[in-house]
Amino acid sequence: MDFKTVAEKRYTTKIYDASRKISEVLIEDLKHILKLSPSSINSQPWLFTFVSQKETKDALADASFFNAPKIKNASHLVVFSVMNNLELFERHVEENLAEGPVNYYKQFVKDQPAEKTINWLSQQVYLSLGFFLAACAAMEIDSTPMEGIEPEKYKDILNIEDYKVLFAVAIGYRDAEDSNQPSHKGKSRLAVNQVINSID
Ligand SMILES: Cc1cc2nc3c(=O)[nH]c(=O)nc-3n(C[C@H](O)[C@H](O)[C@H](O)COP(=O)(O)O)c2cc1C
């Protein structure tokens, strides 16, 4: 499938077929793809938590407002978190990044307010979301990005420290009756001339 077709076909899945699970081989591919996501200065300030165990997935669903049924019926839930312990981030930069990025960090990032740095790091994690949604669609795996969750409860359930939970993505296979599919209701987007400027 060419990428234009992938973009036209992907959509936010609202109803999953609970009987269909994603194979371990494809889950391993998705983990590998997430690891390859690009980030500013190659900072990789993320943690991706894959949850398929029923009890934990159900507990996370119960901390996800109106999104609960999607999570309960999906095959897996992937939780995206950003490193927000900045001492740990500095150590990570020094230990893992190349000289150029380390110098960039020292010159432009190190002394700025913590909130600004955490916002910048969070942007890198959102970028991995785009990468992930596109990869899922290319692999014909359905997905639901969700900010409608309770991040503090997620952190407790998953025992996450030094990272802030930002959002989660349910993945699996759609129920044939899901009315949100583009084949049922088309795609709702602004016109090209409202969002694209061309200077020729
Ligand atoms: C960061 C982000 C958070 C979202 N949060 C939710 C959510 O909590 N629940 C939900 O059903 N859809 C959620 N969506 C889906 C959007 O509403 C959806 O992408 C948008 O309406 C476009 O529709 P499409 O994805 O089907 O093309 C979210 C999307 C993004 C990118």
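Data block above holds the structure.
Residues numbered from 1 in each chain as written. Predicted model: local features only at pLDDT ≥ 70, side-chain atom pairs only at ≥ 80, totals over all residues. Heavy atoms only, no water.

Undergrad: Now, about the environment of Glu140: what can you tell me, with residues and values included?
TA: Residue position: Glu140 is located in the loop between helix H7 (114-138) and strand E3 (142-146). Classification of Glu140 as exposed rests on a relative accessible area of 59%. Put simply, Glu140 and Gly172 are 32 residues apart on the chain and 9.4 Å apart in space, counted from C-alpha to C-alpha. Excluding anything up to four places from it in sequence, Glu140 contacts Met1 and Tyr173. (Helix = DSSP H or I, 4+ residues; strand = E, 2+ residues; numbered from the N terminus. Buried < 20%, exposed > 50% of the residue type's maximum accessible area, 1.4 Å probe, protein only. Contact = heavy atoms within 4.5 Å.)

Undergrad: Please set out a positive patch on the surface residue by residue, giving values where relevant.
TA: Together, Lys14, Lys185, Lys187 and Arg189 make up a region of like positive charge exposed at the surface. Following the sequence through the fold, Lys185 ends up in helix H9 (residues 182-185). A relative accessible area of 55% places Lys185 in the exposed class. (Patch = residues over 30% accessible without salt bridge, like charges linked within 9 Å, V, L, I, M, F, W, Y side chains within 5 Å. Areas by Shrake-Rupley, 256 points an atom, 1.4 Å probe, with all protein chains shown as cover. Salt bridge = Lys/Arg side-chain N within 4 Å of Asp/Glu carboxyl O. Lys, Arg positive; Asp, Glu negative; His and termini not counted. Charge placed at Lys NZ, Arg CZ, Asp CG, Glu CD.)

Undergrad: Tell me what's going on with helix H2 (residues 24-35), and back it up with residues and numbers.
TA: With 12 residues, H2 extends 17 Å between its outermost C-alpha atoms, agreeing within 8% with the 16 Å of an ideal straight helix rising 1.5 Å per residue. Three or more residues of H2 are buried, namely Ile27, Leu30 and Leu34. Seen along its axis, H2 keeps its buried residues to an arc of 55°; they face one direction. Those residues of H2 that are exposed and angled more than 90 degrees off the buried face are Val25 and Lys35. For H2, the secondary structure elements touched by its buried residues are strand E1 (46-51), strand E2 (76-83), H7 and strand E4 (163-172). (Expected span 1.5 Å × (residues − 1). Arc of directions from axis to C-beta.)

Undergrad: Give a description of the sheet that holds E3 that names residues and reports values.
TA: The 4 strands are arranged E1-E2-E4-E3 in an open sheet whose pairing can be described as antiparallel. With one partner strand each, in any of the chains shown, E1 and E3 form the two edges of the open sheet. For this sheet, the mean angle separating the axes of adjacent strands, direction not counted, is 25°. In this structure, E2 lies alongside E4, joined through 8 bridges in antiparallel fashion. Across the sheet, the residue bridging to Ser81 is Val165, located in E4. Against the sheet, H7 touches E1, E2, E3 and E4, its axis set at about 5° to E4. (Pairing = 2+ DSSP bridges. Axes fitted to C-alpha atoms, helices over the stretch in contact; angles between N-to-C directions.)

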